[in-house]
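Overview (structure and organization)
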Amino acid sequence: MSDEENPSEGELQALSELTDRLRDNYPFGSPSYAGQMLKPPHPVAWAAYAATTLINPNNHALDGGPATAQMEREVIAEIATMFGFEPSAVLGHLTSGGTMANLEALWIARELHPERPIAYGANAHYTHSRVCGVLGARGIEVPCDGDGRMDLDALERRLRHDRPGTVVASFGTTGVGALDPVREIADLCVRYDARLHVDAAYGGFFALIGEREPALIDVSATKALRRADSVVVDPHKHGLQPYGCGCVIFADPTVGRFYKHDSPYTYFSSAELHPGEVTLECSRSGSAAAALWTTMRAIPLTPNGGLGDMLAAGRQAALVFADAIADAPNLRLVYEAQTDIVVFAPYEEGLDAAATSEWTKRVFRTLMTDAQSPLFLATIRVDSAACEWLREGGKEVTVLRSVLMKPEHRARAAGFVETISRAAGAQRTPPAGHEPGASP
Ligand SMILES: *Cc1c(COP(=O)(O)O)cnc(C)c1O
């Protein structure tokens, strides 16, 4: 700043340019945005983050941010409790996101079983195959069933023949929100002496509503999360946080030995274990820990009355949305909605994959560009076999995907489907002069 009181002309000019630049965005905060897993952070998170940034603590070491390092411990204990772990027995920390958190989990997996591969579902986030590459670990892929869940028979064959040291289950896949059968996978891991890592980056907070009445999601899977050797969850997805907040938890705190290192220039303030001694990242945002801690004070991790209400609302929105799709003559569900993501397609008997993909893209664009009331969805490429009504031709098909992660979506879900069905009707045939596949 130019002086204590007033920003300079140049500073004001730069900020004004920023607000102009930021116009080039989709309306992530609007209820009409149901495209990707994106929404602004909760105002409490935003305020706590901004306030803490004035100090800018570094959670690398207790010296860098004693207050926020303590907050990090407290939020880890609460997240561990949410998964059914004994909070005092686990080792966990925040990370910059789910990718980093999964990297740490797979790194420990490789350290513990350097000779054995790591198995993950074909439905898993692409980060797992890439991280295996980074780590020089052999990754093997397990096929999915028709609902987008890991196929248990295929997993058992893999366990028997390839003897993976760790199996990665997805609790809430990024594409379709599927919940792998964690309990059955945990049983197989016991039988074949494999570790279990659960990537719950997207779906982890749904653990809160497994036991709400009436049951909103697969309670056997949520109850089995405590059987995992490690779990990853992203507070920056369903935990109302700004980006830069992931989390990894290990059931066995002795894996901390793999992180062991000595740093002559930090760690001088106490004999306690420093956060930087058990994280792969060095500098980490104390503001992220503060934002999550403050949010969890205001909106606790409870099934009712706290964050559970928000997850339940999104889940209910998905159920209403899916029912309405089932009733619409020109739309079809592609997967059963298992969380708050619904994947569906414009439908007409006898259509092939190419024509359906083109139709999908027209509907997607029309909805988004509607001058009066735009609706923002996403598209996703899936195996054509997932759309059993399609005529032969084309291995993949592009269909529509909607992430209903805002509580306001519950009241709007049925209206969304009406709008989409109308757009699908209007866009059934390409505008004159545009053949399917022709460039726009
Ligand atoms: C988002 C996501 C990731 C990657 O996490 P980032 O926070 O984007 O780095 C990994 N796995 C799953 C299941 C995810 O949904």
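This section reports on the structure supplied with the text. A quick note: this is a predicted structure, and the numbers were derived from the prediction, not measured.

This part is about the sheet that holds strand S1 (residues 91–95). The strand order S1-S7-S6-S5-S4-S2-S3 describes an open sheet built from 7 strands, whose pairing is mixed. Sheet topology places S1 and strand S3 (139–142) at the edges, where each strand pairs with a single neighbour. Shown here is a sheet whose adjacent strand axes are inclined to one another by a mean of 20°, direction ignored. Relative to S3, strand S2 (residues 118–121) runs parallel, the two sharing 4 bridges. The residue bridging glycine 121 from the neighbouring strand is valine 142, located in S3.

Attention shifts here to empty space enclosed by the protein. In this structure the tally under the stated criterion is 3 cavities of 30 Å³ or more. If you add up the space inside the largest cavity, you get close to 60 Å³. Ala124, His125, Ser170, Gly172, Thr173, Thr174, Asp199, Ala201, Tyr202 and Lys237 are the residues that line the largest cavity. Partitioning the lining of the largest cavity into residue classes produces 3 nonpolar, 5 polar and 2 charged.

Every one of the 13 residues lining the ligand counts as a neighbour, but Gly98, Thr99, Asp199, Asp234 and Lys237 are closest to it. Here an oxygen atom of the ligand and a side-chain polar atom of aspartate 234 are 2.6 Å apart. Here lysine 237 contributes a side-chain N or O atom positioned 2.8 Å from an oxygen atom of the ligand. Here the ligand has 380 Å² of accessible area as a free molecule, and 87% of this is covered by the chains. Among the elements of the structure, helix H4 (98–112) and helix H9 (235–238) are those that each provide at least two residues to the shell around the ligand. For the shell around the ligand, the element with the highest residue contribution is H4, accounting for 3 residues.

Considering the arrangement of structural elements, one finds cysteine 282 in the loop between strand S7 (246–250) and helix H10 (286–298). Taking the relative accessible area as the measure of exposure, cysteine 282 reaches 48% and is therefore partly exposed. Along the chain, cysteine 282 and tyrosine 335 lie 53 residues apart, while their C-alpha atoms are 41 Å from each other. Beyond its immediate sequence surroundings of up to four residues, cysteine 282 is in contact with Asn58 and His60.

Sheet architecture is open: 4 strands sit in the order S8-S9-S11-S10, paired in antiparallel fashion. Only two strands of the sheet have a single partner each, and these edge strands are strand S8 (331–333) and strand S10 (378–383). On average, each strand axis in the sheet is inclined to that of its neighbour by 45°, with strand direction left out of account. Relative to strand S11 (residues 396–403), S10 runs antiparallel, the two sharing 6 bridges. Looking at S11, one finds that alanine 378 is bridged to arginine 401. Along the sheet, helix H12 (residues 353–369) makes contact with strand S9 (341–346), S10 and S11, crossing S11 at roughly 30°.

Cut-offs and rules
Residues numbered from 1 in each chain as written. Predicted model: local features only at pLDDT ≥ 70, side-chain atom pairs only at ≥ 80, totals over all residues. Heavy atoms only, no water. Pairing = 2+ DSSP bridges. Helix = DSSP H or I, 4+ residues; strand = E, 2+ residues; numbered from the N terminus. Axes fitted to C-alpha atoms, helices over the stretch in contact; angles between N-to-C directions. 1 Å grid on protein atoms, 1.4 Å probe; cavity = no way out; pocket = protein on both sides within 12 Å on 5 of 7 lines; lining within 4 Å. Points joined across faces, edges and corners; volume = space filled by probe spheres on them. Nonpolar A, V, L, I, M, F, W, Y, C, P; charged D, E, K, R; others polar. Near = heavy atom within 4 Å. Polar contact = N/O pair within 3.5 Å; in protein donor to acceptor, adjacent residues only side chain to side chain. Areas by Shrake-Rupley, 256 points an atom, 1.4 Å probe, with all protein chains shown as cover. Buried < 20%, exposed > 50% of the residue type's maximum accessible area, 1.4 Å probe, protein only. Contact = heavy atoms within 4.5 Å.

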